[in-house]
Amino acid sequence: MHRIIESSDHGWWIVSHEQKLWLPGGELPLGNAGNFDLVGQSALRIGEWEGEPVWMIRQNRRQEMGTVRQVIEQDPGLFQLAGRGVQLAEFYRSHKFCGYCGHTMHPSKTEWAMLCDHCRERYYPQIAPCIIVAIRRDDKILLAQHTRHRNGIYTVLAGFVEVGETLEQAVAREVMEESGIKVKNLRYITSQPWPFPQSLMTAFMAEYDSGEIVIDPKELIDAGWYRYDDLPLLPPPGTVARRLIEDTVAQCRADYE
Ligand SMILES: [Zn+2]
């Protein structure tokens, strides 16, 4: 699957090093390999975007290395592929040795996997499922400021699914732990790969059932019920959180206007 890049190769270039990627001029580079000094590099073709192949190369360009978060502003679809590239780069970087026997591993030629030369164990990139949920109470939505990103943004609640737990149980547990609220009428909406570092967000809408807000100060700075036409600073477009908030606002509009 990995192959050496030639001067005639072209496409989108995800040049990744330690969870960062190369963003010359703030954007994901598109064009001929020769223009970007990438000829001779080992690359993995990881998809296609707007008719052009998307390549992943593990290399540190040292300058203009940014985060995949910046690509969401360039294009949400391209963001998904850039996230795939960065996650695969991290997968190959973190699986040089077998976790069972400690011997060296090599990349599979047929799939995104690493194979142990000694015990024949096969490793795949791990994906961590998360839930994210918009909670509606009449004409209001529950929004919170999270301790892990102190940027003034208010968003919906989210958390990792624990081992041996259903998505529905994860929603009920996370919402109760973080806010003290009980929810009902859970509905699945959509999903979004979220490469920070390797999540898959599964997005839901729910209705308030009972309880008063009691925040978990380890997770949240603040939380409250916000009327649909009077919202605080929201997450950027392209995020599944923003989609959930906008869907909830649209439902409130339909019911109250
Ligand atoms: Zn092994």
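Residues numbered from 1 in each chain as written. Predicted model: local features only at pLDDT ≥ 70, side-chain atom pairs only at ≥ 80, totals over all residues. Heavy atoms only, no water.

The protein is annotated in an unreviewed UniProt entry as NAD-capped RNA hydrolase NudC from Phytobacter palmae. Under Sequence similarities (unreviewed entry), UniProt gives the following word-for-word description of the protein: "Belongs to the Nudix hydrolase family. NudC subfamily." Quoted verbatim from the Subunit (unreviewed entry) heading of the UniProt record, the comment on the protein is "Homodimer." (UniProt positions renumbered as here; feature names shortened; annotations may be inferred.)

**Student:** Sorry if this is basic, but what is going on with the UniProt feature "binding site: Zn(2+)" (unreviewed entry) in the protein here?
**Tutor:** Within the UniProt annotation, "binding site: Zn(2+)" (unreviewed entry) is assigned to Cys98, Cys101, Cys116 and Cys119. With the annotated positions falling across 22 residues, the maximum pairwise C-alpha distance of 8.6 Å places them together in a single cluster. Mapped onto the elements, Cys101 comes out in the loop between helix 2 (76-94) and strand 8 (105-107). Judged by its relative accessible area of 29%, Cys101 is partly exposed. Residue contacts for Cys101: discarding those within four places in its chain leaves Cys116, His118 and Cys119. Locating Cys119 in the fold gives a position in the loop between strand 9 (114-116) and strand 10 (122-123). Classification of Cys119 by relative accessible area gives partly exposed; the value is 34%. (Helix = DSSP H or I, 4+ residues; strand = E, 2+ residues; numbered from the N terminus. Buried < 20%, exposed > 50% of the residue type's maximum accessible area, 1.4 Å probe, protein only. Contact = heavy atoms within 4.5 Å.)

**Student:** It is not clear to me how the pattern of salt bridges should be interpreted in this structure. Could you clarify?
**Tutor:** Opposite charge on two side chains lets them pair, provided their charged atoms get close. Per the counting criterion, the structure on display carries 18 salt bridges. In this structure, the salt-bridge partner of Arg227 is Asp229, at a minimum N-O distance of 2.7 Å. Residue classification places Arg227 among the partly exposed residues on the basis of a relative accessible area of 34%. Residue Asp229 is classed as partly exposed on the basis of its relative accessible area of 43%. For the salt bridge of Glu257 with Arg253, the shortest nitrogen-to-oxygen distance reads 3.5 Å. Take Arg253: its relative accessible area is 42%, and that puts it in the partly exposed class. Connected via shared salt-bridge partners are Glu162, Glu165, Arg173, Glu174 and Glu177. (Salt bridge = Lys/Arg side-chain N within 4 Å of Asp/Glu carboxyl O.)

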